[in-house]
Amino acid sequence: MALINSPLGAPVRAFARIRASVHVKLLAGFLLITFLVIALTVVSLRTVAETAREATLLDQAHERVVWSRQIEHALAMQMHFTSMTLLSQGEEPVSLILRENNRFNDTLARLETAAPAEERTLIQAIRGAQDDAMATVADIANAVRDKKLAEALTALRTRQEPIYQKIETLVGSLVSAEESRMAKLRQSLAATRRQSMRLMTGFAVASVVLALVGGFIISWSFILPVRAAHGFLSDVAAGRFGGTVVVPNRDEFGALAEHMTWMSRELHRLDEEQRVAAATLRGLNDRLALASRAKSEFLANMSHELRTPLNAILGFTEILLDELYGEVPANLREPLVDIQTNGRHLLRLINDVLDLSKIEAGRLELGLGEYSVQEIVEVVHASLRSLAIEKGLAFSVRVAPGIPAAWGDGRRLTQCLLNLAGNALKFTRQGRVDIDVSHADGWLTFKVADTGIGIPKEEVENIFAEFRQVDTTITREYGGTGLGLSITKRLVEMHGGRIGVESELGRGSTFFFTVPLHADGGPA
Amino acid sequence: MTLPIHKRASTGGAPAPRRSAARTSSTVLCALGVFLLVNNKPTPRDATAGAIKGTVTLKGTAPELKKLAVTIDQYVCGKEKNPEELVLSPQGGIRSAVVWLDKPPAGASAAALAPTATMDQKECVFAPRVVVVPAGGKIDFLNSDRLLHNLHSTPSANPPFNRTQPKGRTITIPFEKPEIIRVTCDLHSWMRGWVVVAEHPYYALTDGAGEFELKGLPAGRYTLKVWQERLGTVSKEVVVGDQDPTPVTLEMPAR
């Protein structure tokens, strides 16, 4: 990021502000590089062509120098053969002179065609001299054939030699002209090479610089908004809504940033709304809790108030039935027993309601102390054995041997087991009810299994809620307040334990609860 | 060259009534001279009325001629030369063949041949390749090439010549005796030229179509001879009668 804050940051932001899509920007970058490559290629090709042209020119100049040398040679040979002709006066050296002269002519014609314009004048001068030389050679040859030696010698001396000297001078200047031309061409070639070298180096440096700067600008113009978005999204993730993403880009990234800002505002608005709603709910909840506690207190008070007269009714009924007020007529005994039974039922109901409301009002406290599991089981068995016999059900208890003395509210746990076993007996028409207590890893498990009507799966979850029985008709058939399981659950949980059931409709149920051997961290 | 005969007659070989006055008088004089020399022969109806107009053709398949490779002075002469020892028209007419009467008619005289002919050397070729010159005539040899040529010939009847010739210089050589002479160039081996020195005026050179015409002939029986450098000499009897001009085809067997 240090680079971005440097002067290079300005072009990056300027590039980001260009109103064009990312696609177009990248394409433009690639096209720029492609253009550079093409330009480089064109320049290279031109340099190569120029070099090739100059090399060809050099070759041609070299060829002309070679021809000029041939001309000089032909000239020398002519002089040589002319002397030989004069000496031998034969036909053979004559034909050799002619041969050399024609070699001169042929090469000169070649040279004339190939020569550059500025050398034409020089070549024309050679041509003119050569025309004279040709005539002289012919004259000498014919004179020798005609045996006019003196004439031939004169022609040689007075005509051929000066002409040949003239031609030699001219050819010499031609050669030096060609050589200086070659020198110039060589220099030019070297200059072209140097220039192309400089050009290539320049191109290479420019390409590297352009690639670096272009790459930097383009990549950072894309990285900057991504970073901004990243920071912004981190804020959002941390729950800080309502921020804005500010990017200089006017491309897809710019559009994205705008969308994110908008999204953030929406999130912020929703968050605010939710906060208000939560606060409202919290207030309502507090009020509801208050109302609920009031209801529980009212119920607890009511139950207490109800129990006093009910105890009086039950007490007097018992006294009547015990015939402390005299003999009870036979026709009154049955209604009195009914009053007692219903009274006791009402008392149990009131006790249950009182317990539940105490629990809900948070006023029930466990009377913690040492208790014996064996004792609890025996009390339950004793209380319910008559009922089991009455219904013709097998009723067995089993306590795992070696359970040490436990710590908890023995009275309440007895109530729990009594509730479960009572329910089991109540809802079983035939078969058996078994109580089983085991101990493992500091936990006690109380299990009550029956062969009763069972509980449908969909009801298993609700079975521990207040005033719930599987079927409202069940209440009528089997009686009960429907508060037992709920109270049991609360009591078990107060011990830090857990309650559950496994059941199969029509085959029976197994209720169980677990409590720690030492509830509430009591003495080991 | 398949022009109708009457048209050729009106342009080239003009019939007698249209001749110019000067030409007519010279012809008459010559004819008179010949007539005086051989006056024992039967006098023709009109000493200069007849003509032979014919074509020299090749009989048989044309030989395949290779192009001549130029081995020297290529820059002036070119890379190769067309073989010109036998040049045929599409119809098989032979160009540059020389046709003449074996025995010229006594007492008759054709127009005299030009006493001076020209033979140039251009791009290392003799042009024309065959030249006819009357005995006692001259040939101007020219050189249009910008190099040296060397005229060389060793005739049997005429004196030999061997001359070096620069460009632009004219070498004139006289030919006294009738014969067929070969001319070469010492410097360029492919060059060939032919000088036909005519014994009498009844000589003709065929054109590109192989056609020729001999004029100023009295009616009668003649032996025609034709020479071509490659094919040699062929003879044929021909009778010149009332038909004017007498058509003839000279066939030269290929070899």
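Residues numbered from 1 in each chain as written. Chains lettered and ligands numbered in written order. Predicted model: local features only at pLDDT ≥ 70, side-chain atom pairs only at ≥ 80, totals over all residues. Heavy atoms only, no water.

**Re the packing of aromatic side chains**
Geometry of an aromatic ring pair is reported as the spacing of the ring centres plus the angle between the planes. All names here are of chain B. Put simply, the rule reads: For Phe, Tyr and Trp, rings pair up if their centres lie within 6.5 Å, where Trp contributes its six-membered ring, and each pair is then called stacked (planes under 30 degrees apart), edge-to-face (over 60) or tilted (otherwise). The helix and strand labels rest on DSSP assignments: H or I over at least four residues marks a helix, E over at least two residues marks a strand, and numbering proceeds from the N terminus.
Inspection of every chain in the model, using the stated rule, returns seven aromatic pairs over all chains. A ring pair is formed by phenylalanine 141 and phenylalanine 161, whose centres lie 6.0 Å apart and whose planes are at 40 degrees; its orientation type is tilted. One end of the pair, phenylalanine 141, is in strand S8 (residues 137-141); the other, phenylalanine 161, is in strand S10 (residues 161-165), with 20 residues separating them in the sequence. The interplanar angle of 65 degrees and the centroid separation of 5.3 Å between the aromatic rings of tryptophan 194 and tryptophan 227 together place this pair among those described as edge-to-face. Residue tryptophan 194 is located in strand S13 (residues 192-198), and its partner tryptophan 227 is located in strand S16 (residues 220-228); the two are separated by 33 residues in the primary sequence.

**Quick notes on the packing of helix H3 (residues 22-88) of chain A against helix H4 (residues 91-114) of chain A**
All names here are of chain A. Test applied: For helices, the fitted line uses only the C-alpha atoms of the stretch in contact; every axis is such a line through C-alpha atoms, and the angle between N-to-C directions lies from 0 to 180 degrees. For this classification, under 35 degrees means roughly parallel, over 145 means roughly antiparallel, 65 to 115 means roughly perpendicular, and everything else is oblique. Take the far helix as your reference; a near helix turned counterclockwise from it by less than a right angle gives a left-handed crossing, and one turned clockwise gives a right-handed crossing. For this classification, Asp, Glu, Lys and Arg are treated as charged, while Ala, Val, Leu, Ile, Met, Phe, Trp, Tyr, Cys and Pro are nonpolar and the rest, including Gly, are polar.
Two elements in contact, H3 and H4, have axes whose closest approach is 8 Å; the angle formed by their N-to-C orientations is 160 degrees. By the angle class used here, H3 and H4 are roughly antiparallel. For the element pair H3 and H4, the recorded crossing hand is left-handed. Classifying every residue of the contact of H3 with H4 gives 15 nonpolar, nine polar and four charged.

**Things to note about the packing of helix H9 (residues 373-391) of chain A against helix H10 (residues 410-426) of chain A**
Residues and elements named next belong to chain A. Definition in use: Contacts are residue-level and defined by heavy atoms, with any inter-residue pair within 4.5 Å sufficient.
It is at 9 Å that the axes of H9 and H10 come closest, and there the two elements cross at 20 degrees. On the basis of the axis angle, H9 is roughly parallel to H10. In this structure, the crossing between H9 and H10 has a hand that is right-handed. Residues Ile376, Val377, Val379, Val380, Ser383, Leu384, Leu387, Ala388 and Lys391 of H9 touch H10, and the partners they reach there are Gly410, Leu413, Thr414, Leu417, Leu418, Ala421, Gly422, Leu425 and Lys426. Its residues placed into classes, the contact of H9 with H10 shows 12 nonpolar, four polar and two charged.

**Some remarks on the sheet that holds strand S17 (residues 232-240) of chain B**
Residues and elements named next belong to chain B. To be explicit about the condition: Strands pair, by our definition, only if DSSP identifies at least two bridges between them.
Pairing within the open sheet is antiparallel, and its four strands lie in the order S14-S4-S16-S17. The open sheet has two edge strands with one neighbour each: strand S14 (203-205) and S17. The sheet shows a mean angle of 20 degrees between the axes of neighbouring strands, direction not considered.

**Side note on the pattern of salt bridges**
Rule in force here: Basic side-chain nitrogens of Lys or Arg form a salt bridge, by our definition, when they fall within 4 Å of a carboxyl oxygen of Asp or Glu. Exposure categories follow from relative accessible area, calculated using a 1.4 Å probe and restricted to protein chains: below 20% of the type maximum is buried, above 50% is exposed, and the middle band is partly exposed.
One pass over the full model with this rule turns up 32 salt bridges over all chains. With a closest N to O distance of 3.2 Å, Arg146(B) and Asp131(A) form a salt bridge. Placement of the pair is Arg146(B) in the loop between S8 and strand S9 (149-153) and Asp131(A) in helix H5 (residues 120-145), with the two residues belonging to separate chains. With relative accessibility at 26%, the residue Asp131(A) sits in the partly exposed group. Residues Asp146(A) and Arg163(B) are paired through a salt bridge, measuring 2.8 Å at the closest nitrogen-oxygen approach.

**With respect to the state of the cysteines**
As used in these notes, a disulfide is a covalent bond between sulfur atoms, one from each of two cysteines. Residues and elements named next belong to chain B. This is how the line gets drawn: Only a pair of cysteine sulfur atoms within 2.5 Å counts as a disulfide in this structure description.
A complete count under the given rule lists one disulfide over all chains for this structure. Free of any disulfide, cysteine 185 has its nearest neighbouring cysteine sulfur in cysteine 124, separated by 7.6 Å. On the accessibility criterion, cysteine 185 (4% relative accessible area) is buried.

**Observations concerning the sheet that holds strand S4 (residues 432-440) of chain A**
Residue and element names in this part refer to chain A. The five strands lie next to each other as S2-S4-S5-S7-S6, forming an open sheet whose pairing is mixed. Looking at the sheet topology across the chains shown, the edges are occupied by strand S2 (394-399) and strand S6 (498-504). Averaged over all pairs of adjacent strands, the angle between their axes in this sheet comes to 10 degrees, without regard to strand direction. In this structure, S4 lies alongside strand S5 (residues 443-450), joined through eight bridges in antiparallel fashion. Across the sheet, the residue bridging to valine 433 is aspartate 450, located in S5.

**Remarks on unusual backbone geometry**
Note the cis peptide between Ala127(B) and Pro128(B), where omega equals -5 degrees. Backbone geometry places Glu323(A), a non-glycine residue, at a positive phi of 60 degrees. Positionally, Glu323(A) belongs in the loop between helix H7 (252-321) and helix H8 (330-360). For Glu323(A), a relative accessible area of 33% gives the class partly exposed. Here the phi dihedral of Ser96(B) falls at roughly 60 degrees; this positive angle occurs in a residue that is not glycine. Position of Ser96(B) among the secondary structure elements: in the loop between strand S3 (80-81) and strand S4 (98-101).

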